[in-house]
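Chain residues, written in single-letter form:
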Amino acid sequence: MSSSKIAAGLILLFAAATAYAQQTPPPGGPGRGGRGGGGFTQPDPIDFADNTGWTSMFDGSSLKGWDGNMDLWHVENGAITVESTCEKPTGTVYLIWQGGQPGDFELKAELRGEGAGVNSGIQYRSFIQPPRQMDAGRGGAGAAGGAAGGAAGQGRGGRGPSGACPSGQPRGTPNPAAETKWNMGGPQADFDGTNRYSGQYYEGGTTRGIVAWRGQVVRAEEGKKPRLLATIGDKDELGGYVKINDWNQYHIIAHGNQMIHILNGHVMSVLIDDDPTKFRKNGLIGIQIEGTGKVSFRNLWIKPTSPL
């Protein structure tokens, strides 16, 4: 085809496109992309209390559908509750949901921690691991995983305080049997009473420990140390959205290899897990306590996007 015919064809195409644009206004009204119309409207905020399409994980009055040490876990004022004191510590214990082992899903719950020494979180895509050593790191990680978790957490874990309790009574010792059968490892949406770790992505029972601190978007790849892709915000500023000794709205999104932790409507951490040697595509869901204090969970809901 000659260059003159090509040029003529382009002129006709441009003319037709111009005529169509003059006759057909853009959606949403005049201006750029429908500015002022539907093309530039703000998204509606999600109502955390709207549970349409979600499945309840807790009936509000019993621990039906959960498994754990029922001498420790109980229902109090419509919430799943557990308390650990200096005199009667629970150790690191878990309560495990029996509804399946989802892969891709969204989970939301309300969580309240009471006491500066409380440490808690929500396990997901997790597994049962061998009983942890009592002098290992936090989170039931065992000798290897706990040491890594303690190092990553800058001293988090270890034996903890010693000596008498503030009350003057002898310091108690956790019952190892309470930690044996339900000892979980795997990803955790973290929460603690001093708000140092709340919102981050922590992993127990592996060598990874803390992978994405609050305020970070992190990518993990095989054979490499996890790398920071971006920052969501300042760690301490984001921590200001977490409520101490009050109810918090936790929203977890696990979609493929992307895990997003949202607290009180603010994204706290994101992990993109491209490490096939560490990534877990599905697993157990559970709740946890360690340290001393009281933790309560209510309004637990799940919306699987893949089979349980």
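Worth saying up front: this structure is predicted, and the values here are computed from it rather than measured. (Residues numbered from 1 in each chain as written. Predicted model: local features only at pLDDT ≥ 70, side-chain atom pairs only at ≥ 80, totals over all residues. Heavy atoms only, no water.)

*Asks:* Explain the pattern of salt bridges residue by residue, including any values.
*Replies:* Scanning the model with the defined rule gives 9 salt bridges in all. One salt bridge connects Lys 294 with Glu 76, and the closest N-O pair in it is separated by 2.5 Å. Here the residue Lys 294 occupies a position in strand β17 (residues 293-304), and Glu 76 occupies one in strand β3 (residues 74-76), the gap between them amounting to 218 residues. According to the relative accessible area criterion, Glu 76 is partly exposed, its value standing at 29%. The salt bridge involving Asp 104 is made with Arg 125; its shortest N-O contact spans 3.0 Å. Residue Asp 104 is found in the loop between β5 (93-97) and β6 (105-114), and its partner Arg 125 is found in strand β7 (residues 118-128); the two are separated by 21 residues along the sequence. Here Asp 104 matches Arg 125 in class, with each residue buried. Bridged by salt links that share partners, the residues Glu 203, Arg 208 and Asp 273 form one connected network. (Salt bridge = Lys/Arg side-chain N within 4 Å of Asp/Glu carboxyl O. Helix = DSSP H or I, 4+ residues; strand = E, 2+ residues; numbered from the N terminus. Buried < 20%, exposed > 50% of the residue type's maximum accessible area, 1.4 Å probe, protein only.)

*Asks:* Before we move on, can you summarise the sheet that holds β7 with the specific residues and values?
*Replies:* Here 7 strands make up an open sheet; going across it, the order is β2-β5-β16-β7-β8-β9-β10 and the pairing antiparallel. Of all the strands in the sheet, just β2 (66-68) and β10 (209-212) have a single pairing partner and so form its edges. Pairs of neighbouring strands in the sheet enclose a mean axial angle of 30°, with direction left out of account. Across 3 bridges, the pairing between β2 and β5 is antiparallel. Counted as the bridge partner of Trp 66 is Trp 97 from β5. (Pairing = 2+ DSSP bridges. Axes fitted to C-alpha atoms, helices over the stretch in contact; angles between N-to-C directions.)

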